[in-house]
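The primary structure of each chain is shown beneath.
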Amino acid sequence: MADEGNGSNSAGEQTASEENTEGSNSGGEPKKELPADMFYDYEELRSRPFITPGSGIPEDFLRLSHSFGYDSRRRANLKLLDEQTLVFIAGNFLVLLDVSTEERRYLRSCSGGGIGAIAVHPSRDYFVVAEKGNKPDVIVYEYPSLKPYRVLRGGAEREFSFLDFNRAGSLLASVAGEPDFLLTLWTWSQEEVTLSCKTVSQEVYRISFSPYDPELMTSSGAGHIRFWKMAATLTGLKLRGAVGLFGKTAATDIDGFVELPDGKVVSGTEWGNLLLWEGNTIEAEICRKEARSCHAGTVQPFALEDGRLMTFGTDGFVRTWDLDRIDSTAIDGDSGRFEMEPVNEMLVGHNVCLSSVVRSSLSDSFVWFAQDSNGAIWKLDLSFTNTAPDPECLFSFHAGPIRGLDVSDESHLMATTALDRSVRVFDFLSNRELITSRFNQGGTSLCWAPSSVNQGGGLLVTGFKDGVVRLLELYNPERLQGVPETGAETGAELRLRQAFKPHNAAVTAVAYEQDGLVLATGSLDSTVFFFAVGDKYNPIGFIQVPGPVQALQWSPRSHAENKLLVFCRNGHVVEVQRPDPDPDPEAEASLKTFQLWDVPSRAFRFHSIKSQIKRDEEVRRRQAEKEKKKKEREEKLKNLKNKAAELLEEEEEEELPPLHVPDPPSPVCCGFYSQPGHFWLSMGGFDAGFLYHCKFSQDQDQDPDRRQDRPFDFRLLADADDDPVRSVTFSSSRQLLLCGMTSGSIRIYPLQPGDVGLSSMQAYWALSVHDNQNGRLRHVRCSHDDLFLLTAADDGNIFSFCLLPPEELQNKLQRQAAKVPSPRVGVESEALALDIEDPAAYSIETAKQKLEKDSVRREAELMVAEKQRQLAELQRKFKQVLTDNQKLPEHVRLRPEELQLHPLFTQLAEELKVQKVEEVRKQLAWERERSQIALRKLQERLKTSMGADIVSVLAIRSDHRVSTYSLPPLPEPLTWIRARSEPDGDAARDRRKSRTEPATDGDQAEEVLVPRPPAARQARIKLGARQEERLRKDAERAEQARAKIETRRQEWAQIYSEKPPDDYVDSQFLQAIRDVKENIGDVVRRKEPRVNAEKKKEELISLQLKIREKQTEMNGRIVALRDAKLQLLSRLAARLQRLQDVQQRLAAHRRLPLPALPAMSPQETPERKLRCSGAVLQRCGAGWARIQVEEGGAVGLLEQLEEEMKAEEQEVGGETQILLASSGAREEEEEELSELEKEVQREEEIRLLHQQDCLLQEMETSVRRFDSELLQLLVQKLLLDQQLKLLDLRLLTIFREMLLLRQFQSREEALQEKLRGCLQKEENITSKLEECNELLELKTRDVTRLQERDKALTATFQASLGDENPFEDFLTKVFRKKIKRVKKKKERPGAEEEEKDSEDDSGEDSDSDTDYDSDGEEDGAALDDSVCPKGCEPELLENTLQLRERRLDLEEQLMEEKMAAEALSRDSETLIKKEKIVKNNRQGVEKDLELMNQEKQQKMNQLDVVVSLQLHQILFVTDGSVPSDLSEALVLDRTELHRLQDCIQNLEAEKVQQKDLLDQDQQRQTRLVHEEKDMLAMIQKLELQCDELMMKKFGRLVDLEALQVLPGNRRLEELKQEKLLLEGAHAKELRLWEVKLEEELQAKMEVLETNSDHLRGVIRLHRQKAGLEAELYGRQRKTGRQQFQDFRRRSDQETIQSLQETAKTQSEQADALIAEIHFLSSKGGQVLPPSSARTSPHVPLPSPLSDK
């Protein structure tokens, strides 16, 4: 019954459209139907825990108490059995949940590998559970009895992903997951496989039968959708599948779909739109108006009600759509979208992510139950009426992996947290949830504070993903008002007590010290933070560890010191001494960081020893095998003298497996203390499968990253190489070690008391609890009284188990519900603690560092302010000193040099300043660069906005001025026209893809089928190496010859294909002639071919840009001149200052008038309007508010800045004038001078007068040079103005041409579009025609090749007959006979091609199509090829039959190729006709376009164009004067005129050159014609010689190519090899007979010795008999006749009688021995024991070959 179902496994690897496996029992006995009342025993099917044999551990060690979770992330994990019962998968259990009473019933997985999928029968009387594991089963249960009704076996290798019934409920479809992806249709009531085939090599999410057509099915999954159809054929049902083609639409994962009555399918997408499928293509993409998506996120359609499609999405909405409104005419042809709005919609919830829905079992009910991926089950009323109730959340669970779990040590309470941002508290005694609190980040760890920390037992410490740790208080709020305590706890509340953020990453571990004084938290940021426990948790500090923290464990109370064991994920373990919980406040305040530098610690880095353990085991195993084999050899070789072979054999040993150390190191999963300094580790990855006992090394000076610490002991975990231990916990008595495994199973090891070394860890009890793939068991906890066991895993499930039977458990428990802690005194009056809601908030260390930086910054600012104040005071004092010094007389007054410091001090101060400035510059480098970039951007923006400002540069000594052009910013650059790509007319040719590759593949496949002389029968003789080598070389030589022939054939084909026809003309010449004809004599049209409005617009913009470039260039030169003027003014000011210094030392009458210093006009520097100093900006900023208030906003910011700048310039000018006046008015007092002093004064005066003249002359020269440069630039600007005016005229002309061309634009665009359509059609037809011709040529080659193969096959048949074969006629008829044969299916390379071509499967013929020729019926009527004629070799007949099969295959292929060639020929003729029609249409459109261009050119020629010419440019003169009428003149560019003249000369030279080439070509043609005639004659002569040689050698003309490709004769080699084998076998048999003869002789000698022994035994027995008779006789004589001896006489008689019987028996034995001696004296005897019957002496001896 189950074996027939297993037969479908092999079919899963074949294509779905062509290869199907049927489960019917065809060709055998009819299968017996299963009775309808047959059930299986659930206790026999369900999986049981594994128990170590002989351990004595009871099977019911744990009993499932309750399931608190729900795997909401699993697809389709919600089904409805009846109106009140929901069913879903929870790990290895199936949960039946009563909606009203919340009662749960459980069914355990039968495989122990988990549950893959569930489905409910349409009648609700059955439900199906698909298992996971190794070759899992599908089990059908009856409801509500929950009895196993049917077991379907053999539908998957590892797991099932989805199940579905058809509408009638008679068929069940199952889809397997990786690796087989097998689709199976079951007749489930009889446990039979109806059909089985492979889907696609991708995960399948869903499969369903069409409710409207029972023969249609649809499946969808990762990146695909597939449409199936069941078809009845002569061989049974077949299943064909067509893969959906997304086309232009992006491929998407499809979670849901709905079949429509007309055969179409509506599916969802990942981006929220709906796809309407017709066939296997997308007809339309449905979206909302304005291209909005139907749903935000993934969408799934799930029902069709009265033409309304119902969908739900991950956005929490349920919407209905009117599909009747979809009209093909309203679908956008470009995008393929159809826009519509939903008819109704309902928001289930804001934080709801719907993943599946199931409808109520009641008819005409609008109630649906929905699965929320965020951990909830909803009840929805989708009637969309005003009276419909709101969505109701029936149940709420954790969503996703459980990251934290802990239990109270005072009560039966459990707390959990997960990444769904919730913390939940459960009462696992009454099996209910007490309270749920939600936060803004997901929880990652949780710890229930011990009673030493919180007496009430209600404090929870929870770590979150953002690094925040929250202290939560659990209490009963009913006791706040003094409500008396009752036995039942009904309420609970979680209150935030404190929140702090010690880490910048997720908190992965939280642990309290044994005394409850210190709390430690670990994080992924590789830090461990310590807090002092109290009413408020204060930070002590943190340490840095080598890697992300995996777990924390404090040393137990049995240890003398309090230490923390830190397990890092990267293989490091750190032991830290507990820090002081009460540090010195003063010392703490002085610290600038919380990092603890002086905490004693020890480090351990795990070094893998697993490969060493494996090697040691292998060494022990080999040693044991070696000892065993040694003993066996010693027993066998006791009588042998030579033991050299033994010694040599002992020396040969296999190499040991190499040592392997994983890189990167294996991660740490968990660990725990064993004794001080010692601990156990569980590793993942390569090192899984062991518990390693480790200890800290004494040498702790080495770098932790370079340590290589090895465990000193280990414990093997059975069957755990790929299943590492994720969590470990002990019972309160430490006699049970509980391990949570990666596979979701739990293991329990009984231990002896005080066994820290785990030496008693031998037997164990294991049970699969959570999902085996996604249910890593991270948390295992025991209750405080060891009565319950709690587990939580990554599949979102939480289970509670009890360790006692229910009766004993009730006796031990005094309560029915757990006790909720009472609130603290005064908790109701306390203010709520402040929470940390910002994920980017500073951590404790970051906040401290920021405060420290702020403090340092404030101190620095105060120091700078103090230094600035001191500097200002010193500056004030120094100015006062300068003023006082100035007031002193000249002879007392100190010189400036005397007031300066010593240069050494100045140098030192300068060096120090430079050093500090450099440091500050490095610190502010980034800020400086950022500010510079911002300033540059702002300046560029201001320049752009002020581009219209005109800069005028004035001459200094004249009235000349030169001004820039006003360049307002362009409104929008239109240069994009230049970059716009031209229509690529040749793109289609480039895109055309050659379709000859499949034919090439086919050719390669057929080359293997070239006929070769086949063997007469299947080779049963294995040839030797030499024969195989000879045959291989013959085959290689034949293959090389075949390849050489094929290469030569291809070369000839290429040569002939490249041969031009007789009427060939070079296309380049024709194109050149056409170009000349089109362009000659039409200069204007040649210069501007087919100009349109867009090109004119482009030309207009290009000219505008050219004008702007010239203006910009001139503006740059003018601005550069302005800048030169500024530099000149600065130089003049410097020279003027020097001149003033010189004149101060001259007498007043010697001083020449100072030249006036020119000033810059505001017109020359318009950009200075917004340039102001820092002081002005500060004053403006300070007075901005005052100005706004006083002037009411009348004075703007710009005006205020200008006023401030003018005032500042006036102040500077005033100071300068005052300085000049003071210097000019200062006169020195005359004093009495000596003659020598007067002479020196005169020399000084002469030198100063010379300097005065030179300075004045330099100033005058600089001014004149600037004025000349300005005048020269002014002249160039005037010339540029002239050119720009001409360009403006040209711009106006182009604009008029553009307006004219726009009149033709619509007509031209229409014609161009029409021309493009014609070109596209012509190109497509040409492409198709070329492809068709290529395929036709390939088919022709294939036909030729097949014909050649047919000839070769016939030649092979003739060669196999040999010469003068008497059965040649019979074998020829057999070979030529046409028989009825079934067509063979073409094998395809794989499922990939089948998926691509699956849409063509519907047109394939049935498998029962035949190839039958009635013409051969007459010939084959009297010919029986199944019987070999007498005298004919059977091998030859079998060879002939094989050749016939190959001939028929070739004829079929030849017929198919010919039919394909004919079809291609018809297609080619049709395409040629279409090409002619399209070409005529194209020529007509081109002609219309040419006429329109001519009309356009004529109108353009009528436009008036203004051209400015100089007199020397006019060559059109009459009698030496310019005519008054220039209408006949032609305006040409001089370069164009020269080009035309040069072109005439070039054409004449080219004409002569072409004439010479023509003469050379004619001579070459004549020579080639003579050579061709000679070659033909030579070929004929060689052919005759070849024929003569063949006749001499073979006696007939043969095909040399077929002769070259014939390989060696394998049959001959096999016969030779068979002869050698027979000779060897006969020699071996002869040796066996000789050995047998020696054995018989030896046996004969042994028999003779045995017979002698028997004879001696007979003699001995006769002697004993004589002695007994004499003794008997003596006793009889001594016997008296007394009456009192009667009794004795009777006893003696009995003894005598027994002795007589003994003697008789011995006599018989003696006779038997004598007979046996006679028998054994002859050959062929057989010795039997005395008690056995004699063997017949005529039994023949066994032959030595009888065993074979």
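As a starting point, this report considers the structure included with it.

Definitions and limits used
Residues numbered from 1 in each chain as written. Predicted model: local features only at pLDDT ≥ 70, side-chain atom pairs only at ≥ 80, totals over all residues. Heavy atoms only, no water. Phe/Tyr/Trp six-rings, centres within 6.5 Å; stacked < 30°, edge-to-face > 60°. Helix = DSSP H or I, 4+ residues; strand = E, 2+ residues; numbered from the N terminus. Buried < 20%, exposed > 50% of the residue type's maximum accessible area, 1.4 Å probe, protein only. Lys NZ or Arg CZ within 6 Å of the ring centre and 35° of its normal. Contact = heavy atoms within 4.5 Å. Salt bridge = Lys/Arg side-chain N within 4 Å of Asp/Glu carboxyl O. Axes fitted to C-alpha atoms, helices over the stretch in contact; angles between N-to-C directions. Parallel < 35°, antiparallel > 145°, perpendicular 65-115°, else oblique. Nonpolar A, V, L, I, M, F, W, Y, C, P; charged D, E, K, R; others polar. Core = buried A, V, L, I, M, F, W, Y, C linked by side-chain atoms within 4.5 Å. Pairing = 2+ DSSP bridges.

Topic: the packing of aromatic side chains
Here comes step 1: Tallying each qualifying case throughout the model produces 36 aromatic pairs.
Here comes step 2: A centroid spacing of 6.5 Å and a plane angle of 20° characterise the contact between Phe500 and Tyr537, whose relative ring orientation is stacked. Highlighted residues: Phe500 in strand β40 (residues 493-500) and Tyr537 in the loop between β43 (527-532) and β44 (538-544), separated in sequence by 37 residues. The same class applies to Phe500 and to Tyr537, which are both buried.
Here comes step 3: Lying over the aromatic face of Tyr205, Arg75 brings its terminal NZ or CZ to 3.5 Å of the ring centre.
Here comes step 4: Between Arg470 and the ring centre of Phe464, over which it is positioned, the NZ or CZ distance is 4.5 Å.

Focus: the environment of Ile57
Here comes step 1: With respect to the helices, strands and loops of the structure, Ile57 is situated in the loop between β2 (50-51) and β3 (63-67).
Here comes step 2: Sequence spacing of Ile57 and Tyr749 is 692 residues, and the spatial spacing of their C-alpha atoms is 9.8 Å.
Here comes step 3: Not counting the four nearest positions on each side in its chain, Ile57 is found in contact with Ile51, Pro750, Ala763, Tyr764 and Trp765.

Some points on the pattern of salt bridges
Here comes step 1: Taken as a whole, this structure holds 73 salt bridges when the rule is applied.
Here comes step 2: Put simply, Glu927 and Arg930 hold a salt bridge, and the shortest N to O gap is 2.2 Å. Here Glu927 pairs with Arg930, and both are found in helix α10 (residues 925-945), just three residues apart, close to one helical turn.
Here comes step 3: When its relative accessible area of 32% is taken as the criterion, Glu927 is described as partly exposed.
Here comes step 4: Put simply, Arg1345 and Asp1342 hold a salt bridge, and the shortest N to O gap is 2.7 Å. Here Arg1345 pairs with Asp1342, and both are found in helix α21 (residues 1305-1361), just three residues apart, close to one helical turn.
Here comes step 5: Residue classification places Arg1345 among the buried positions, given a relative accessible area of 13%.
Here comes step 6: One continuous salt-bridge network, built from bridges that share partners, spans Glu473, Arg495, Arg497, Arg824 and Glu830.

Observations regarding the packing of helix α17 (residues 1093-1144) against helix α20 (residues 1235-1303)
Here comes step 1: Two numbers describe how α17 lies on α20: the axes approach to 10 Å, and their chain directions differ by 170°. The pairing of α17 with α20 is recorded here as roughly antiparallel in orientation.
Here comes step 2: Its residues assigned to classes, the contact of α17 with α20 shows 28 nonpolar, eight polar and 15 charged.

A word on the nonpolar core
Here comes step 1: With 35 residues, the main nonpolar core has Leu62, Phe369, Leu738, Ile746 and Leu789 as its most contacted residues.
Here comes step 2: Within the second largest apolar cluster, 34 residues are counted, among which are Leu967, Ile1118, Leu1255 and Leu1287.

A word on the sheet that holds strand β50 (residues 678-683)
Either a parallel or an antiparallel arrangement is found when strands of a sheet pair, and the pairing is made through backbone hydrogen bonds.
Here comes step 1: An order of β49-β50-β51-β52 is seen for the four strands of this open sheet, with the pairing classed as antiparallel. In this open sheet, the two strands that pair with only one neighbour each are β49 (668-675) and β52 (713-716). Neighbouring strand axes in the sheet, compared pairwise and without regard to direction, differ in orientation by 25° on average.
Here comes step 2: Where β50 meets strand β51 (residues 690-695), five bridges bridge the pair, whose relative direction is antiparallel.

Observations regarding the pairing of strand β35 (residues 422-427)
Here comes step 1: Of all six residues making up β35, six are buried, and the element is well covered by its neighbours.
Here comes step 2: Taking every second residue as pointing to the same face, both faces of β35 are buried, with Ser422, Arg424 and Phe426 on one and Val423, Val425 and Asp427 on the other.
Here comes step 3: From the end of strand β34 (residues 413-418) to the start of β35, which pair antiparallel, there are three residues, and Arg421 there has a positive phi angle of about 70°.
Here comes step 4: If you look at the hairpin formed by β35 and strand β36 (residues 432-438), you'll find four residues sitting between the two strands, and Asn431 has a positive phi there, around 55°.

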